[in-house]
Amino acid sequence: MMIKVNLRDLDDTNLTATLPMNNDVLTYDSTQSSWIPKKPSVASVTSNPFVIDLNRWNIKNDGTESTTTTQGINDALTWAKSQGFSHIILPKGTYTLKMDSTSFSCIYMQSDLHFEMADGCTVQIETNSSPWYRIFDVTNVKHAKISGGKIIGDKKTHVYQIGVKFIRGGVNSDGSLNSNPNFIRSEVIDRYLNPGLLKSFRLWSISGVSATGYNFYQYKDSISSNSLVGYRTNGQFAPAAPTGRGWFADIDSVNKMLFVIDITSTPLSDTQIAQINAKIDSQGYTHEWGQGIEIKGSFDIELENIEINYCTGDAISTGWLEYKTNPADYTQDQMGSNIYIHSCDLHHCRRQGISLGASNDISIIKNKIHHIGKADDGVTEDGTAPMFGIDIESMWSETNIPTWRPELNQAGFELNTRIYIRDNYIYNNSRGHVVNADGINVVLESNTFEGYNIGGISSYPNNMYVKYLNNTMIGCELVVKGDNFLNGAVCYNGNVKIADIAGAVIMNCQIKNGFFYGSSVYGYFGTPTVDVPSSTFTYSSPHGMGNGAKISFEQWVGKVPTGISVDKLYYTLNVKTNSFQVSETLNGTPVAITDSGITGFNISRFNYGRCYISDIVVERDWRNDNTLSPNFQLILTGGLIRNVTVKNYEIDIRPLANYVGRPIQIDGITLIEGGANFEGCNLINSSFTRSKTGILGGDISLGTNDARYTRKLVVDNCTFQNVGINFNGNVTNNRSTFITSSIGKADNVNMAVISTSYLEDTKLNFHWLTRDKSMTIARCIFKNVTADTNSNTRMIDNISL
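All of these numbers come straight from a predicted model, not from anything done at the bench.

Student: Before we move on, could you go through the overall build of the protein chain and cite the residues and values that matter?
Tutor: Scanning the protein chain from terminus to terminus reveals two helices and 74 strands. Here the C-alpha atoms of the protein chain give a radius of gyration of 36 Å, more than 25% beyond the 28 Å that 2.2 N^0.38 yields for 801 residues. When the 801 residues of the protein chain are sorted by exposure, 52% land in the buried category. Considering only contacts in the protein chain between residues 6 or more positions apart, those separated by 24 or more positions represent 61%. Of the accessible surface of the protein chain, which amounts to about 34,200 Å², a share of 50% is contributed by carbon and sulfur atoms.

Student: Summarise the environment of Ile-339; cite the residues concerned and give the values.
Tutor: The residue Ile-339 is located in strand S27 (residues 337–342) in this model. Taking the C-alpha atoms as reference points, Ile-339 and Lys-712, 373 residues apart in sequence, are found 54 Å from one another.

Student: Can you break down the environment of Val-582 residue by residue, with the values?
Tutor: Examined against the element boundaries, Val-582 turns out to sit in strand S50 (residues 579–583). Overall, Val-582 belongs to the buried group, its relative accessible area being 2%. Separated by 108 residues in the primary sequence, Val-582 and Arg-690 have C-alpha atoms spaced 51 Å apart.

Student: Outline helix H1 (residues 66–82), listing residues and values.
Tutor: Taking 1.5 Å of rise per residue, the 17 residues of H1 would be expected to cover 24 Å, and the 24 Å separating its terminal C-alpha atoms lies within 8% of that figure. Of the positions making up H1, those classed as buried are Ser-66, Thr-69, Thr-70, Gly-72, Ile-73, Asn-74, Ala-76, Leu-77 and Ala-80. On the buried face of H1, the contacting elements are strand S3 (50–51), strand S4 (87–90), strand S5 (93–97), strand S6 (105–108) and strand S7 (114–117). Just past H1, the residue Gly-84 takes up positive phi, approximately 90°.

Student: I'd like to hear about the nonpolar core, residue by residue, with values.
Tutor: Core analysis: the largest hydrophobic core is formed by 125 residues, its most contacted members being Phe-136, Ile-293 and Phe-678. Among the elements that take part in this core, strand S9 (residues 132–139) stands out by supplying five residues, more than any other. Every residue in contact with Phe-136, bar those within four places of it in the chain, is listed here: Ile-107, Met-109, Phe-115, Met-117, Val-123, Ile-146, Ile-151, Gly-292, Ile-293 and Glu-294. Counting 26 residues, the second largest nonpolar core, distinct from the first, contains Val-164, Leu-203, Ala-211 and Phe-216.

Student: Could you give an account of the layout of surface pockets, naming the residues involved and the relevant values?
Tutor: Approximately 870 Å³ is the volume attributed to the largest pocket. Lining the largest pocket are 28 residues, with Trp-289, Glu-294, Thr-318, Gly-319 and Trp-320 positioned closest to its centre. Within the residue set of the lining of the largest pocket, elements represented by two or more residues are S9, strand S23 (289–296), strand S26 (314–319) and strand S29 (352–356). At five residues, S23 tops the list of elements feeding residues into the lining of the largest pocket. The residue makeup of the lining of the largest pocket, split by class, is nine nonpolar, 10 polar and nine charged. Lining the second largest pocket are 21 residues, with Asn-462, Ala-502, Tyr-522, Asn-607 and Arg-610 positioned closest to its centre. If you list the elements that add at least two residues to the lining of the second largest pocket, you get strand S42 (495–501) and strand S44 (516–520). For the lining of the second largest pocket, a count of residues per class yields nine nonpolar, six polar and six charged.

Student: Tell me about unusual backbone geometry, residues and numbers included.
Tutor: A cis amide bond, omega 5°, links Ala-238 with the succeeding residue Pro-239. Mapped onto the fold, Pro-239 is located in the loop between strand S20 (228–236) and strand S21 (256–262). Along the chain, Ala-385 connects to Pro-386 via a cis peptide bond; the corresponding omega equals 10°. Its location among the elements puts Pro-386 in the loop between strand S31 (368–370) and strand S32 (388–392). For Asp-361, which is not a glycine, the phi torsion comes out positive at approximately 55°. For Asp-361, the position within the fold is in strand S30 (residues 360–365). At Arg-779, a residue that is not glycine, the phi angle is positive and equals roughly 55°. Secondary-structure assignment places Arg-779 in the loop between strand S70 (775–778) and strand S71 (781–783). Since its relative accessible area comes to 55%, Arg-779 is described here as exposed.

Student: Account for the pattern of salt bridges, naming residues and giving values.
Tutor: In the structure shown here, the tally under the stated rule is 31 salt bridges. Glu-381 is the salt-bridge partner of Arg-431, the closest N and O atoms lying 2.9 Å from each other. Of this pair, Arg-431 sits in the loop between strand S34 (425–427) and strand S35 (432–436) while Glu-381 sits in the loop between S31 and S32; the two residues are 50 residues apart in sequence, bridging distant segments of the chain. Here Glu-584 makes a salt bridge to Lys-568, at a shortest N to O gap of 3.1 Å. Residue Glu-584 is found in the loop between S50 and strand S51 (602–605), and its partner Lys-568 is found in the loop between strand S48 (550–554) and strand S49 (570–573); the two are separated by 16 residues along the sequence. A residue is classified by how much of its surface remains accessible, and Glu-584, at 38% relative accessible area, is partly exposed. Judged by relative accessible area, Lys-568 falls into the partly exposed class, the value being 38%.

The rules behind the values
- Within any chain, residue numbers begin from 1 and follow the written order of that chain's sequence.
- For a predicted model such as this one, the threshold for reporting local features is a pLDDT of at least 70, and the threshold for listing and counting side-chain atom pairs is 80 or more; totals across whole chains, interfaces and linings nevertheless cover every residue.
- Note that the side-chain values use all heavy atoms of the structure and ignore hydrogens as well as water.
- A run of DSSP states H or I qualifies as a helix once it reaches four residues; a run of E qualifies as a strand once it reaches two. Both are numbered from the N-terminal end.
- Computation of the radius of gyration draws on C-alpha atoms alone. For the globule rule, the value is 2.2 Å times the number of residues to the power 0.38.
- Only protein chains enter the accessibility calculation, which uses a 1.4 Å probe; a residue is then buried when its area is under 20% of its type maximum, exposed when over 50%, and partly exposed in between.
- What makes two residues a contact is simply this: any of their non-hydrogen atoms within 4.5 Å.
- Accessible surface area values rest on a Shrake-Rupley calculation with a 1.4 Å probe, where residue burial reflects the displayed protein chains alone.
- The span one expects for a helix is its residue count, reduced by one, times 1.5 Å.
- Each nonpolar core is a collection of buried residues, namely Ala, Val, Leu, Ile, Met, Phe, Trp, Tyr and Cys, held together in the definition by side-chain atoms within 4.5 Å.
- Put plainly, a pocket is an open set of points on a 1 Å grid over the protein atoms alone with protein on both sides within 12 Å along at least five of seven lines, a cavity is a set where a 1.4 Å probe fits but cannot get out, and a lining residue has an atom within 4 Å of a point.
- Grid points are joined across faces, edges and corners, and a volume is the space filled by probe spheres set on the points.
- Gly is put with the polar residues, along with every residue not named as nonpolar or charged; the nonpolar set is Ala, Val, Leu, Ile, Met, Phe, Trp, Tyr, Cys and Pro, and the charged set is Asp, Glu, Lys and Arg.
- Salt bridge, as applied in this entry: a Lys or Arg side-chain nitrogen positioned within 4 Å of an Asp or Glu carboxyl oxygen.

Written out as structure tokens, the structure is:
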């Protein structure tokens, strides 16, 4: 049985103060002792979504009537939110949007809403000339989601400049027009037609006109003395004047403009004037800020299963809320946080796939990001720099935001902190796949990066807590810098490069048909020139340190000056570009020295040589010849290498030229069918084998033939089989095995030793040595060894089987 009642007939219901509306509920108000209507909380709203009624809101889904369609979608969102709906669906169809002429936005997202685009739904911005736009504006929004559908920018039809015609005549100072034949004035410029481009406009020089500048007059709605808002007589032509000019008020207060040019010095005929089509563009001429979805100062935002393409800027960008004149007015919430971007397809945008410009705690998972900066053919570049798949760059140093930077011991707000990028397929982007300019605690895990171009993955060296875990590189390059942590990389026709290393750990990499290469020389300065009276150390090039830098002295070669200890930590002071003194305490008294030491000692930052490489495989299936291919090639200053296998390529590991610092530690090289060069190393537990014809002149080079470099190379417990070995430097080789090999030595001042080793079916080629004690072979076991030597080779206590 159903009972129908009129709420007004109930004596304990108050409908006077507030009339009930759709979806309202009755709640009991004890102060009024009555039931009153109230909107439900978002948490209590029914899960049934609100499907936008296109006719009710005057929305067209056939790609027409952009103005009413844009207004209708925004009105529908506002109404649905007011009615307590949390899930709004835009039905399938094509919706053309018009950006607002003041905010340059189309759809304004609201808090506590899920905006879903149904299957077959396309939202596109109409052709415009604005350097910036946002199809979805997510500003100061909390707890919102956008999902489904396709978002299309206007890259293919975007207008980057406009032309303006001129007629004879000028403008009086009151804004009225005149017919002065010595002036030309433009047609009326309507700001509403190109609001973005004209926001900061530039008028370019005109061929045949020698005037150095122009006047401009700005009006409201019409051209007359009564509507003149203001004018300037000091306009300068672009490109000589690169900055733009602005307007005297907001667009609704001033929207018309005329340009006026004095042609007295270069008169023009009416025909010449009629042919003028002067160029007007924007100070922001790159037009790189057209965004599919822009998120600013927002919290708990989810983007799911959206295709975004052909934006003039980025598919997605994040940033802080707004500029504050007073830095004290910023708050951490204004930076934004908790952004979740997943299962999206982002492609063919001009500048970036995703730009991360401030927000924290971001997850980018299972997206495809590709063809950024590329035309439809996938080859032609048609973008604007940087053209990366993902760019992590808040540009904090160019703002007035007090920013937390741990590497500078600087307190402040977190920006671009805790970013997790996982399981994405990022490929064929013009300039790169991921670059981290200033993100902190960034993890890239289980992504696939592909692109036969200059595309790479990198992080600036000062960014802390950057981790690369189990990623795949196909035809591209991963650059490891600073103290990055790399554990797991599979490269096919791809590379791992080290650069600007200061503490990086690199392990578990498999590289096929690619390179493992680079340089790690952070903090090593070498031997200085010493001025004893002033206790000053000088270098021929800038050292890059400031006062208070921590440094140490070492004497692997030479001897430190008297007064200096290799066991102490020192601080720089009285620093100049190429020189400094040292003290034992920060800002202390300069240490006095009494001699210049023996040349060869070195000074370095106290923590130099921090490069740790292990468990690396670099290989190719076959080599057709012995053309040198040093695909494992490193320049290190005291780094550590363990468990490296190289097949069908060469190895080249050496320090800087004239290096006199800590030896490079190498434990466990396995080289198959290749050559190797080692300098300044301690090489242990390694194996070098080949079955094919060796390299002309020798396969393995130990030490350098340059007499200037006296650094030691120690080889211990290594196996050489069917290779040619050249002892070029000061080499001590202990406990090694030589089988079917050839051993030679360069005729130089360096002395080499082979001791307590086993030699079988091996040739000793030392007959050309001219210096006494150049080569020593001691306490070795020979089996079928052929020795071609002279008196400059010492054979001590060897046993022949």
